[in-house]
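Structural description and commentary
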Amino acid sequence: MNEQHFMKLMHLLPKSALSAAVGVATRLPAPAPVHRAAMKAFAKAYNVDMEEAEHSFERYSTFAEFFTRGLKPGLRPVDSGEKVVVSPVDARVSQVGYSDHGRCLQAKGIEYTVDELLGDAAAAAPFHGGAWTTLYLSPRDYHRIHAPLGGTITGYAYIPGEFWPVNPASVKNKQSLFCVNERLVTYLDTVAGKCAVVKVGATCVSRIKAAYDEVLTHTGKPGKVHRYGTALPVEKGGELGRFEMGSTVILLFEPKRVKWDDSLQPETVVRLGKRIGEIV
């Protein structure tokens, strides 16, 4: 299917209902042989490396548990360098740069604003001109999201939205894709100043779950912005949340606080805890 036909099909599909249905299906208990067969078929189709998984197939009682699986302890050591920014996920870089007056590149010929992404001009203002990167998690990847730097969690914003795919065809053709889809934003105060970790939903990403609070998206509840009276401590590499099916993470920093490594380029594969930049 070419990209134009794919996009026309996506316009017609009930993406939110489909994503909700997939989510329910992945959480349903099923006879062990059935869900093990589904997990093994998925792992084979997407080349999932089960040698990295915390448990074997037999230990996961639902497909959702398998998809949000942890990693074996110590498998992703976090670079402890005082000025080192680490990748918050296992992913592939989609785009990377420094926002020009609050504008970020989605794909060739398509930009979006940080204000649109965060849904709040006041919250977005500190990030105008700062370092940003878009990280795409494929179906085979580990789907938990971690802190790129140590510090505190100052709040979050749940922004309901649509459920467009975040595959290359959609990224290249859907205007402001990441600003249209459902998002969960975690705000951090770090040694590099303010940071926003934006978790973007997508087709069949049934829910995004926070690790630091009882926050769960796509449950029929309205959007919510919350600021903590007492910020929550988080260490570099500490878990912030997880995708129940795969999607995209966008990192935002304040201007002149973080410099990306030259090796961080579109299509670069990154791994949780590995260096991607430095504090300046």
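Values in this document were obtained by computation on a predicted structure and should not be read as measured data. (Residues numbered from 1 in each chain as written. Predicted model: local features only at pLDDT ≥ 70, side-chain atom pairs only at ≥ 80, totals over all residues. Heavy atoms only, no water.)

**Here's the deal with the UniProt feature "modified residue: Pyruvic acid (Ser)" (unreviewed entry) in the protein chain**
According to UniProt, the positions carrying the feature "modified residue: Pyruvic acid (Ser)" (unreviewed entry) are Ser247. You can call Ser247 buried: its relative accessible area is 0%. (UniProt positions renumbered as here; feature names shortened; annotations may be inferred. Buried < 20%, exposed > 50% of the residue type's maximum accessible area, 1.4 Å probe, protein only.)

**What to know about the pairing of strand β2 (residues 91–98)**
Here two bridges tie β2 to strand β15 (residues 269–270), and the two strands are oriented antiparallel to one another. Its bridge partner being in β15, Arg92 is matched across the sheet by Val269. Pairing of β2 with strand β5 (residues 131–136), which is carried by six bridges, proceeds in the antiparallel orientation. Opposite Val93, over in β5, you have Leu135 as the bridge partner. (Pairing = 2+ DSSP bridges. Helix = DSSP H or I, 4+ residues; strand = E, 2+ residues; numbered from the N terminus.)

**Points about the sheet that holds strand β10 (residues 207–210)**
Here three strands make up an open sheet; going across it, the order is β6-β12-β10 and the pairing antiparallel. Edge positions in the sheet fall to β6 (144–146) and β10, since each of these pairs with one other strand and no more. The sheet shows a mean angle of 20° between the axes of neighbouring strands, direction not considered. Bridge analysis of β6 against strand β12 (residues 239–244) gives three bridges, and the strand direction is antiparallel. (Axes fitted to C-alpha atoms, helices over the stretch in contact; angles between N-to-C directions.)

**Observations regarding the side chain of Thr133**
The topology assignment puts Thr133 in strand β5. Of the polar contacts made by the side chain of Thr133, one reaches the backbone oxygen of Gln95; its length is 3.0 Å. What Thr133 contacts, discounting residues up to four positions off in sequence, is Val93, Gln95, Val96, Val249, Ile250, Leu251, Trp260 and Leu264. (Polar contact = N/O pair within 3.5 Å; in protein donor to acceptor, adjacent residues only side chain to side chain. Contact = heavy atoms within 4.5 Å.)

**Comments concerning the UniProt feature "active site" (unreviewed entry) in the protein chain**
UniProt feature "active site" (unreviewed entry): in the numbering of this structure it lies at Asp90, His146 and Ser247. In sequence the annotated residues extend across 158 residues, while in space they remain close, none of their C-alpha pairs exceeding 14.4 Å. Its place among the elements puts Asp90 in the loop between β1 (84–86) and β2. Leave out the neighbours within four places in its chain, and Asp90 touches Arg76, Leu137, Asp141, Tyr142, Val270, Arg271 and Leu272. A polar contact of 2.7 Å, which involves the side chain of Asp90, links it to the side chain of Arg76. By secondary structure assignment, the location of Ser247 is in the loop between β12 and β13 (248–253).

**Overview of the sheet that holds β1**
Think of a sheet as strands paired side by side through backbone hydrogen bonds, with each pair either parallel or antiparallel. On the basis of which strands lie adjacent, the open sheet formed by three strands has the order β1-β16-β14 and antiparallel pairing. The open sheet has two edge strands with one neighbour each: β1 and β14 (258–260). Each neighbouring strand pair of the sheet contributes to a mean axis angle of 35°, computed without reference to strand direction. Taken together, the three bridges between β14 and strand β16 (residues 275–279) define a ladder with antiparallel strand orientation.

**Observations regarding unusual backbone geometry**
Its identity as a non-glycine residue notwithstanding, Asn47 has a phi of 60°, on the positive side. Position of Asn47 relative to the elements: it lies in the loop between α3 (32–46) and α4 (63–67). The backbone phi angle of His101 is positive, close to 55°, even though this residue is not glycine. On the secondary structure map, His101 appears in the loop between β2 and β3 (103–107). Overall, the relative accessible area of 71% leaves His101 in the exposed class.

**What to know about the side chain of Arg76**
Relative to the helices and strands, Arg76 resides in the loop between α4 and β1. Once residues lying within four places of it in the same chain are set aside, the contact partners of Arg76 are Glu52, Leu71, Asp90, Arg271 and Leu272.

**Some thoughts on the pairing of strand β8 (residues 183–190)**
The element β8 is extensively covered by neighbouring structure, given that seven of its eight residues are classed as buried. Across eight bridges, the pairing between strand β7 (residues 151–159) and β8 is antiparallel. The residue of β8 that forms the bridge with Gly155 is Tyr187. Where β8 meets strand β9 (residues 193–200), eight bridges bridge the pair, whose relative direction is antiparallel. Its bridge partner lying in β9, Arg183 is registered against Val200. Once β8 ends, the chain turns through two residues before running back antiparallel as β9.

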